[in-house]
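Observations on the model geometry
The primary structure of each chain is shown beneath.
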Amino acid sequence: MFDNLSDRLEAIGKRLRGKGRLTEDNIQDTLREVRMALLEADVALPVVKDFVAAVRERALGAEVMKSLTPGQAFIKIVNDELVQVMGEANDALDLSVRPPAVVMLAGLQGSGKTTSIAKLGRWLQERDQKKVLAVSVDIHRPAAIDQLQRLAGEVGIDFFPTEPGADPAATGEAALERARTGYYDVLLVDTAGRLSIDEQMMDEARRVHHAVAPAETLFVVDSMTGQDAANTARAFDAALPLTGVILTKADGDARGGAALSIRQVTGKPIKFLGVGEKTDALEPFYPDRMASRILG
Ligand code: GDP
């Protein structure tokens, strides 16, 4: 057994070298390795199929067939294709609207929304000197509101208190009004999540979205959920006009499969990675770095 995709491809490359030129058969074997490695990284099956087809097309071109180091040439193709699928370059937050710019986070319960709000608040305040207000419209879970209040205090951003039992959309509107009159640059909106997708949650998220008209609507997803991440992403993408993704708990997921699936399924850029529980554990997402990680 090889540990990662790079090792597998290098080994195949070595085997092939003794045999001279690459053939379509050899390439077929190599593609099987790619397919297995991606499935082991928990990439969703339809995504794996598309990916392997794209690599096959390029590999059958002259560059690999003629190469003296076919393994290397193959790895380069896989790497390039991974980077391309994941979006080429980092997509930054686009807050170029008349302030306050609203950033709404949506995702399942436990995906890391509240933690990500604190991380983003800190990021925007420290790096961009933004004046930030945070609100939770998760009126169903007072504990979630308390958690946001505590984290907001910890990172030094302002917190808009939520009335328990109030309407989520009306709460969002009230927070937006406060952000306007208080000359805030950014309003961060934490929404209700449940343990699985349900219509009521999506409906509520849509109403909040309509009320606060976000500049950015970010889908927050736990990278450890692997293939499920792709299904959840599909459902949220259908319900809300997402502008990007925050992939959390990347510190615990060495395989990176979720990044590939989510980007392919939604077509929306991953903008940030959550890399730990602390409020400074947020990184911009770079496709080339994630590709290296998937390749091992
Ligand atoms: P929410 O229900 O979506 O608001 O999720 P929370 O923000 O409450 O996060 C759920 C759990 O995941 C908490 O224990 C967080 O500390 C943890 N968490 C969130 N983001 C990350 C991350 O990037 N890495 C790690 N290791 N843990 C995270």
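Summarised in this report is the structure supplied together with it. (Residues numbered from 1 in each chain as written. Predicted model: local features only at pLDDT ≥ 70, side-chain atom pairs only at ≥ 80, totals over all residues. Heavy atoms only, no water.)

**Some details on the overall build of the protein chain**
Of regular secondary structure, the protein chain possesses 12 helices and eight strands. A buried classification covers 53% of the 296 residues belonging to the protein chain. When the accessible surface of the protein chain is totalled, it reaches about 13,400 Å², and 48% of it is carbon and sulfur. If you average the places of the 36 positive and of the 43 negative side-chain charges in the protein chain, the two averages end up 4 Å apart. (Helix = DSSP H or I, 4+ residues; strand = E, 2+ residues; numbered from the N terminus. Buried < 20%, exposed > 50% of the residue type's maximum accessible area, 1.4 Å probe, protein only. Areas by Shrake-Rupley, 256 points an atom, 1.4 Å probe, with all protein chains shown as cover. Lys, Arg positive; Asp, Glu negative; His and termini not counted. Charge placed at Lys NZ, Arg CZ, Asp CG, Glu CD.)

**What about the nonpolar core?**
Leu82, Met86, Leu187, Phe236 and Leu247 are the most contacted members of the largest nonpolar core, which has 63 residues in total. Of the residues forming this core, the biggest block, seven residues, is contributed by helix α5 (residues 70-85). Residue contacts for Leu247: discarding those within four places in its chain leaves Val221, Ser223, Ala258, Ala259, Ile262, Ile270, Phe272, Leu273, Gly274 and Met290. Residues Ile117, Leu148, Ala152 and Leu218 belong to the second largest nonpolar core, which totals 26 residues. (Core = buried A, V, L, I, M, F, W, Y, C linked by side-chain atoms within 4.5 Å. Contact = heavy atoms within 4.5 Å.)

**Some thoughts on the pattern of salt bridges**
Under the defined criterion, the tally for this structure stands at 15 salt bridges. Residues Glu199 and Arg206 are paired through a salt bridge, measuring 3.2 Å at the closest nitrogen-oxygen approach. You can call Arg206 partly exposed: its relative accessible area is 32%. Across the salt bridge formed by Lys268 and Asp237, the nearest N and O atoms sit 2.8 Å from each other. Of this pair, Lys268 sits in the loop between α11 (257-266) and β7 (270-274) while Asp237 is found in helix α10 (residues 226-239), placing the two residues 31 residues apart along the sequence. A cluster of three or more residues bridged by salt bridges with shared partners is formed by Arg58, Lys76, Asp80 and Glu81. (Salt bridge = Lys/Arg side-chain N within 4 Å of Asp/Glu carboxyl O.)

**Thoughts on the sheet that holds strand β4 (residues 186-190)**
Here we have eight strands laid out as an open sheet, ordered β3-β2-β4-β1-β5-β6-β7-β8, and mixed in their pairing. A single partner strand is all that each edge strand has here, and the edge strands are β3 (158-160) and β8 (282-284). Going from strand to strand, the sheet's axes swing by 25 degrees on average, the running direction of each strand aside. Bridge count between strand β6 (residues 244-248) and β7: three bridges; the pairing is parallel. Paired with Leu247 across the strands is Leu273, a residue of β7. Lying on the sheet, α10 is in contact with β1 (101-106) and β5 (216-222); it crosses β5 at an angle near 155 degrees. (Pairing = 2+ DSSP bridges. Axes fitted to C-alpha atoms, helices over the stretch in contact; angles between N-to-C directions.)

**Things to note about the environment of Ala192**
Along the polypeptide, Ala192 turns up in the loop between β4 and α9 (199-212). The sequence separation of Ala192 and Arg289 amounts to 97 residues, and the corresponding C-alpha distance is 32 Å. Setting aside chain neighbours within four positions, we find Ala192 in contact with Gly107, Lys113, Asp138, His140, Met201 and Glu204.

**Side note on the site of the ligand**
Every one of the 17 residues lining the ligand counts as a neighbour, but Gly110, Lys113, Thr114, Thr115 and Asp251 are closest to it. At 3.0 Å from an oxygen atom of the ligand is found a main-chain nitrogen or oxygen belonging to Gly112. Val275 has a polar backbone atom sitting 3.5 Å from an oxygen atom of the ligand. Relative to its unbound accessible surface of 580 Å², the ligand loses 80% to contact with the protein. (Near = heavy atom within 4 Å. Polar contact = N/O pair within 3.5 Å; in protein donor to acceptor, adjacent residues only side chain to side chain.)

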